[in-house]
Amino acid sequence: AYGTKNPVGVAIYETNLGTNNGSAPQSVVNSTVASVGAGVATANHMLMMLRDLGVKTQSMFALSEYTNPFTNPANNEETTPLWGTVVDMGVTNLKRPQFLGEQLANSAILPTMLTTRQTGDNPTWNQPLSANDQIQLNNAQYLQSYAFTDGTNQSVVVFNLSRTRSLPVKFTGGNGPTGTVNVRQLTSANITDTNENSPTVNITNSTVNGTNPGTTYTLPPFSMTVLLWPGTAHAGATSSTRLTAAPQTIAPGQNVSLKAVVD
């Protein structure tokens, strides 16, 4: 416990993205809480807790909750897709993007987490102060990266958190993706797409043969991309990913070229 001679690691009992109170039309609640944007954000949040805080045990609230103190503008009680990673069980068996994000993250997590380091012009945005929960964030990074190895297999997870821009990324270096690389990706045509009524949001899966370091991968907006490939054993303590970008400054809507070096 905190302040004792025998500290214990933090465990997350339950996490997800949801709404607890406030007022908004039902369609807005559905397109926010259960959207592909929420799925990408939740997966990144959990990996960030692992990377930055060392939280190894995390549980996502898995079952659906249909009622909660949230009202529409007419002050009528609404349902909300709070917490649940599935729409239902045994009826449609539709899986929400949060489920898919965690499924994708679990496919990439290997026993040893490597340090990633992003350098150069790493695109950022400033999040203005929100009216409903007083959250403000300056210099938030569009790109988040994570890497793992078990000695013979390697993986890299990259998030593009931009809501409008695709970002091209190059991975190079002695331990960059090479040979046969499995590329898995979670995104959709619209950031508000959901699986509430049909399986609109899916994980795409492709295999790229003969990959050479320096191959350009285009990361769509609001996307989570996983690359997995066979590798050789290397020291996790000294492994890192360096990400550089050009140009050094960008204007809204301008593309930026990124280069990641895995050492």
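As shown above, the structure is provided for reference.
Worth saying up front: this structure is predicted, and the values here are computed from it rather than measured.

What counts as what
Residues numbered from 1 in each chain as written. Predicted model: local features only at pLDDT ≥ 70, side-chain atom pairs only at ≥ 80, totals over all residues. Heavy atoms only, no water. Core = buried A, V, L, I, M, F, W, Y, C linked by side-chain atoms within 4.5 Å. Buried < 20%, exposed > 50% of the residue type's maximum accessible area, 1.4 Å probe, protein only. Helix = DSSP H or I, 4+ residues; strand = E, 2+ residues; numbered from the N terminus. Contact = heavy atoms within 4.5 Å. Pairing = 2+ DSSP bridges. Axes fitted to C-alpha atoms, helices over the stretch in contact; angles between N-to-C directions. Salt bridge = Lys/Arg side-chain N within 4 Å of Asp/Glu carboxyl O.

A. Quick look at the nonpolar core. With 20 residues, the main nonpolar core has Leu-47, Phe-148, Val-157, Phe-159, Leu-186, Met-224 and Val-226 as its most contacted residues. Contributions of two or more residues to this core are made by helix H2 (36-53), helix H3 (97-108), strand E7 (143-149), strand E8 (153-160) and strand E13 (223-230). If near-sequence neighbours (up to four positions away) are discounted, Leu-47 is found in contact with Ala-105, Ile-109, Met-113, Tyr-146, Phe-148, Val-157 and Phe-159. In this structure, Leu-143, Phe-171, Val-181 and Val-183 belong to the second largest nonpolar core, which totals 15 residues.

B. Broad picture of the sheet that holds E7. Overall, antiparallel pairing links the six strands, which are arranged E3-E7-E8-E13-E10-E11 in an open sheet. Strands with a single pairing partner mark the edges of an open sheet, and in this sheet they are strand E3 (112-114) and strand E11 (202-211). Neighbour to neighbour, the strand axes of the sheet diverge by 20° on average, direction disregarded. Bridge analysis of strand E10 (residues 179-187) against E11 gives eight bridges, and the strand direction is antiparallel. Paired with Gly-179 across the bridge in E11 is Thr-211.

C. Just the pattern of salt bridges, in detail. Taken as a whole and assessed by the stated rule, the structure comprises two salt bridges. Of the charged contacts in the structure, one is a salt bridge between Asp-52 and Arg-51, with a shortest N-O distance of 2.7 Å. In this structure Asp-52 comes out as partly exposed when scored by relative accessible area, which is 45%. Using a relative accessible area of 27% as the deciding quantity, one classes Arg-51 as partly exposed.

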